[in-house]
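Structure at a glance
What follows is the residue order along each chain.
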Amino acid sequence: MKKIYLFANWKMYLGYRESQKLAMDLSKKIKTLPKNIEMVVFPSGLSIDKVKNTLPKVGAQNVYWVDKGGYTGEISAKMYKDMGAKYALVGHSERRHQFNESNEDVNKKMEAVLSVNMTPVLCVGETAVERKKGLTDNVVGLQIKKAYENISWNGKKMIIAYEPVWAIGSGHACSAVEAEKEHMKIRELVNKLFKIDPVILYGGSVRPENAHEYLSSHQIDGVLVGGASTILKSWVGIINIAKSI
Ligand code: PEP
């Protein structure tokens, strides 16, 4: 049976009480998940501690690379680990484009996450302009190479989320056929660089209406979902589609 990864990025959509409520409602609805489905929730940093009591697989949406010190407002990978986060999104397009995170920053974050034994979920993807210019493979390839630069892969599961910037939060999802093409290229590159087969998720406007086309593809190991994962009915809908595959 195909292993399916369902990752829910709650972004900054839900406050502390809202996160707690959604976690409770979800746990009532889904009770147990089949073994082949791995669901991880990425709540806001403030809510991780609470959400993990209900939905134990939680991750950080972002980390800072220094363990501790005078970095007002930042939270380190080490601190998230201490709180119980097992995963961390690194290089999400909203971080890259709204907070000017560079490939070098992403590299430092990858290293920090790995150093505390959390699993990084590296997010990569091209903008609409880059796609129009035919630069998708170059942009994504460079993001991957830079993210893992000087990092000796430790044999852990490598997770990459292909999230075209133009598809995130826009309602214009990349078709499964197009996503598959990029997933194949990412897989080839990672095989060449690290001799391992990565887990590759698709992200960008996934909804219950289109989730089946991604989840049923052999090239797509799962989905990273933002908006739709914050709405009980939509997320349960996506989970049910995964169960049916
Ligand atoms: C995301 O935040 O990673 C994402 C894919 O968002 P959305 O599903 O809302 O497009």
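See the structure printed just above.
Here the structure is a predicted model, which is why all the values come from computation and not from measurement.

So, about the environment of leucine 142. On the secondary structure map, leucine 142 appears in helix α7 (residues 136–147). Judged by relative accessible area, which is 45%, leucine 142 ranks as partly exposed. For the pair formed by leucine 142 and glycine 84, sequence separation is 58 residues and the distance between their alpha carbons is 31 Å.

Neighbouring the ligand are 14 residues; Lys11, Glu163, Gly169, Ser205 and Gly226 lie closest to it. Lysine 11 places a polar side-chain atom, nitrogen or oxygen, 2.9 Å from an oxygen atom of the ligand. Glycine 226 is positioned with one of its backbone polar atoms (N or O) 2.8 Å from an oxygen atom of the ligand. The fraction of the free accessible surface of the ligand (300 Å²) that becomes covered by protein chains is 99%. Its residues assigned to classes, the shell around the ligand shows four nonpolar, eight polar and two charged.

Cut-offs and rules
Residues numbered from 1 in each chain as written. Predicted model: local features only at pLDDT ≥ 70, side-chain atom pairs only at ≥ 80, totals over all residues. Heavy atoms only, no water. Helix = DSSP H or I, 4+ residues; strand = E, 2+ residues; numbered from the N terminus. Buried < 20%, exposed > 50% of the residue type's maximum accessible area, 1.4 Å probe, protein only. Near = heavy atom within 4 Å. Polar contact = N/O pair within 3.5 Å; in protein donor to acceptor, adjacent residues only side chain to side chain. Areas by Shrake-Rupley, 256 points an atom, 1.4 Å probe, with all protein chains shown as cover. Nonpolar A, V, L, I, M, F, W, Y, C, P; charged D, E, K, R; others polar.

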